[in-house]
Amino acid sequence: MEDLENHRMQDVRPHPPPPPETAPVEKDNQAGKQKERASSLCKTPPSLIRSKNNGAEFHRGMLLGEGGFARCFEVEDENGDVYAAKTVAKASLTSTKTRNKLLGEIKVHQSMDHPNIVKFIECFEDNQNVYILLEMCSNKTLMDMHRRRKRFTEPEARYFMIQILGAVKYMHSRRVIHRDLKLGNIFLDENMHVKIGDFGLAALLLSDSERKKTICGTPNYIAPEVLFGKQDGHSLEVDIWSVGIILYAMLCGKPPFQSKEVNMIYKKIKAHDYHFPEGVVLSAEAIDLIQALLSKDPADRPSLDMIVEHPFFHGETPSHLPVTCLEGIPHWKNLTPSISRRNFRRLAVAAGIGPGSIDRDVGGPVTVKDVIQTTAPAIVEKNNLGQILPECLSPKVSATNLRGVVVSTAQEQLSKTSMRSTRSAKPLSDLPINKANTGLPTQFPVLGRARRMGEGEVPVSKKVAVAPPTSAYVISPQRKNPTFETTEPINQLRETLENVKRTLASKQSHDMYMETSGNQVYISQWVDYSNKYGMGYQLSDGCSGVYFNDGTTIVLTPDVTYFEYIVESHNPKAPRERHQYTISDGISSTLKKKLYLMKHFREYMLTNLYVAEQGVQKFSPDGQVSFLTDYLRTKHATMFRLSSGEIQFNFTDHYKMVLTDGGRTVRFMDPSRNAVAMSVAQLIHRARRTKGHQEQKAQLGAGSGEQILERMEFIAATLQGWHDRTTKATRAA
Ligand SMILES: Nc1ncnc2c1ncn2[C@@H]1O[C@H](COP(=O)(O)OP(=O)(O)OP(=O)(O)O)[C@@H](O)[C@H]1O
């Protein structure tokens, strides 16, 4: 990274300085040399883009936008998943420095995994271009929204800021400075969640004390020490400055040092010459926070955790933003102080910042130094994943190789392939198999738009907020003795589905199905902190548990008087030993530590996560406690198996299904946790009958019986894949 950092000094961003609001610069490029925008070398890619790396194919869609360096196109993979493909023409990569710059961007971005950072999916090349496949942000950037709205309200600014600060905290904890934070690099996904993107100027600090010297950034957003502190260099605080500019711009309508001339902007930054515009109503708290963020001396700027504790964040805070606010001012009802506080907490927890952040709750406070020490080597390791990097970025490739690249036009390609027209709806049985070839379908077509985060169970762990794109699923770690106790639910479910399909075909009466009590225990909240300790959960009967990474479990009764310690054994006839204790029993120091963590998890979940239906099932002190025996996380759902035989599916669109009674009955919950419990077959038939009734239809999950049937088919296929993989693992062990 050191090399990359130095190379950026010169010929990076080879376009002339466009308007100061949006264009990143490197000081060395300011000599006035008017170069062609590198992105203009990027011709429209063929309608069917084929990866040279692994032969994967993508249908190219519309142009999403253009920067100085790249053009970005919508693309769709063979599973129907849509991504943004940042496309860089190989013809623009003729200098080693430009190649290194792109390599640096890829390496840093690839190592990021945070809910508020644009997800890096993969990177590949064809003959003409390098493609960086990114999470799709369909609501564009805060810059686009700002252009239409001119100013945002303070509640909106708070909503955006919490997520921005969480993402920046994550980057900084990994010693990554973004160095180009601005409205135009803050993307919005379809749910209006913030996603920071464009790591083109990012730098990795190799030690706490390292200082960067490259003058780079976007004029309006550059911190004074970048421009005028060449001797001392700069560090993480430059991003805090840019966050201050962003907050000012969101609330005041333009950045504080805005001027027509770039040099005038720099003069104003040097003189710290900015004012709050008259005629714009700003709270005293907003002014105070902006002033703190824009402290001239980097050492005076507040830390990221201090920022979210500023009184500015005590104001009205929405839990989410409607897409209509892209165009006009939103209005909220009932944003009372307590609701706002709760919304703030949830947003902060989801972004991994502030008092509720898990780093503080479990294992004591984590200092930036701790995080740096444990995580910086991980980046270096990950950056060594040379095999996925495009060949053309290899030092072996010479400039002449790339200059000779023939840029074929879209028209030429059109005659070779036709776009989308050959694609037809596939039956579920034909669903593509994911990369790990696990037998798990990667596509689940009935899922609607994912609901907003911050409600229901929010995965707060930074590492696992979204499974890494290369591994299609995460299975519970370090199981000594993986078992899939029974295949009954799989067989039963398959049989039921066959029966349902037959009755649907024959239009028989469906009234033969029985209602069920729906009294199964299920997981009402969970926190995946398996990158450090384990999976914590709260059961609907009030018990809480942690499935530790070493395969042991602690389950605590609701009144916190008893707990069970469950250890996996190698005896296939008795796969688990269960030990009961009262809370005051003398226990070993290892167990004490686990109990301590258990209580922290419990506290955390009760304080920070969605609390609904507590005590729906009363815990019976005489009965056996249930606990989590295994879990699986995929792109479409998180699945839990409980010792009581229940199998729970939490879909990413926040619908949930709990299978019980050997797969015969199901508890179905909508995103607001309204629940119905009935036989699987009845649920499907009920859904078919309520087609026209909006309310019931919503409750049953975007509608029709066919869609419920598809969810069930997905469950059956996933269970089968899960079972096969577990059995294979057991055999291998
Ligand atoms: N993940 C995404 N989802 C949707 N659109 C995107 C995404 N990433 C980029 N874009 C669009 O493509 C444009 C160019 O992308 P980007 O800014 O990353 O390219 P660049 O050449 O590196 O830009 P810059 O000159 O700002 O560094 C963006 O302005 C945006 O309109």
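What you see is a predicted model; the values in this text were computed from it and never measured. (Residues numbered from 1 in each chain as written. Predicted model: local features only at pLDDT ≥ 70, side-chain atom pairs only at ≥ 80, totals over all residues. Heavy atoms only, no water.)

Engineer: Give a description of the sheet that holds strand β5 (residues 82-89) that names residues and reports values.
Structural biologist: Where strands meet in a sheet, backbone hydrogen bonds hold them as pairs that are either parallel or antiparallel. Sheet architecture is open: six strands sit in the order β2-β3-β4-β5-β7-β6, paired in antiparallel fashion. Unpaired on one side and paired on the other, β2 (48-50) and β6 (120-125) mark the two borders of the sheet. Within the sheet, the average angular offset between the axes of one strand and its neighbour, ignoring direction, is 40°. In this sheet, β5 lies alongside strand β4 (residues 71-76) in antiparallel orientation, the contact comprising six bridges. By the bridge assignment for β5, Glu74 is matched with Ala84. (Pairing = 2+ DSSP bridges. Helix = DSSP H or I, 4+ residues; strand = E, 2+ residues; numbered from the N terminus. Axes fitted to C-alpha atoms, helices over the stretch in contact; angles between N-to-C directions.)

Engineer: Let's hear about helix α4 (residues 154-173): which residues, and what values?
Structural biologist: Look at α4: 28 Å from first C-alpha to last across 20 residues, which is about the 28 Å you get at 1.5 Å a residue. Among the 20 residues of α4, 20 are classified as buried, and the element is accordingly described as predominantly covered. Positive backbone phi, approximately 60°, marks Arg175, located one or two places after α4. (Expected span 1.5 Å × (residues − 1). Buried < 20%, exposed > 50% of the residue type's maximum accessible area, 1.4 Å probe, protein only.)

Engineer: Could you give an account of the packing of helix α3 (residues 142-149) against α4, with specific residues and numbers?
Structural biologist: Running from amino to carboxyl end, α3 crosses α4 at an angle of 170°, the nearest separation of the two axes being 14 Å. Viewed along their axes, α3 and α4 adopt a mutual orientation that is roughly antiparallel. Crossing geometry of α3 relative to α4 is assigned as left-handed. Touching Leu142, Met145 and Arg149 of α3 are Glu156, Phe160 and Ile164, all from α4. Within the contact of α3 with α4, the residues separate by chemical class into four nonpolar, no polar and two charged. (Parallel < 35°, antiparallel > 145°, perpendicular 65-115°, else oblique. Left-handed = near helix turned anticlockwise from the far one by under 90°. Contact = heavy atoms within 4.5 Å. Nonpolar A, V, L, I, M, F, W, Y, C, P; charged D, E, K, R; others polar.)

Engineer: Before we move on, can you summarise unusual backbone geometry with the specific residues and values?
Structural biologist: Phi at Arg175 is positive, roughly 60°, even though this residue is not glycine. Mapped onto the elements of the fold, Arg175 is located in the loop between α4 and β8 (176-177). With a phi close to 55°, His272 is a non-glycine residue in the positive phi region. With respect to the helices and strands, the residue His272 is situated in the loop between α7 (262-271) and α8 (284-293). Take His272: its relative accessible area is 26%, and that puts it in the partly exposed class.

Engineer: Could you give an account of the nonpolar core, with specific residues and numbers?
Structural biologist: Core analysis: the largest hydrophobic core is formed by 76 residues, its most contacted members being Leu142, Phe160, Ile164, Leu247 and Met250. Of the residues forming this core, the biggest block, 12 residues, is contributed by helix α6 (residues 237-252). Sequence-distant contacts of Ile164, defined by excluding residues within four places in its chain, comprise Leu142, Ile186, Val194, Ile196, Val243 and Ile246. Ranked by size, the runner-up nonpolar core spans 27 residues in total, among them Ile490, Phe649, Phe651 and Leu719. (Core = buried A, V, L, I, M, F, W, Y, C linked by side-chain atoms within 4.5 Å.)

Engineer: Now, about the pairing of strand β16 (residues 544-548): what can you tell me, with residues and values included?
Structural biologist: Burial within β16 is extensive, with five of its five residues counted as buried. Residues Ser544, Val546 and Phe548 of β16 are buried on one face, and the alternating residues Gly545 and Tyr547, pointing to the opposite face, are buried as well. Where strand β15 (residues 534-539) and β16 come together, five bridges link them in antiparallel fashion. Residue Met535 lies in a different strand from β16, and its bridge partner there is Tyr547. Linking β15 to β16, which pair antiparallel, is a turn of four residues; within it Gly542 sits at a positive phi near 95°.

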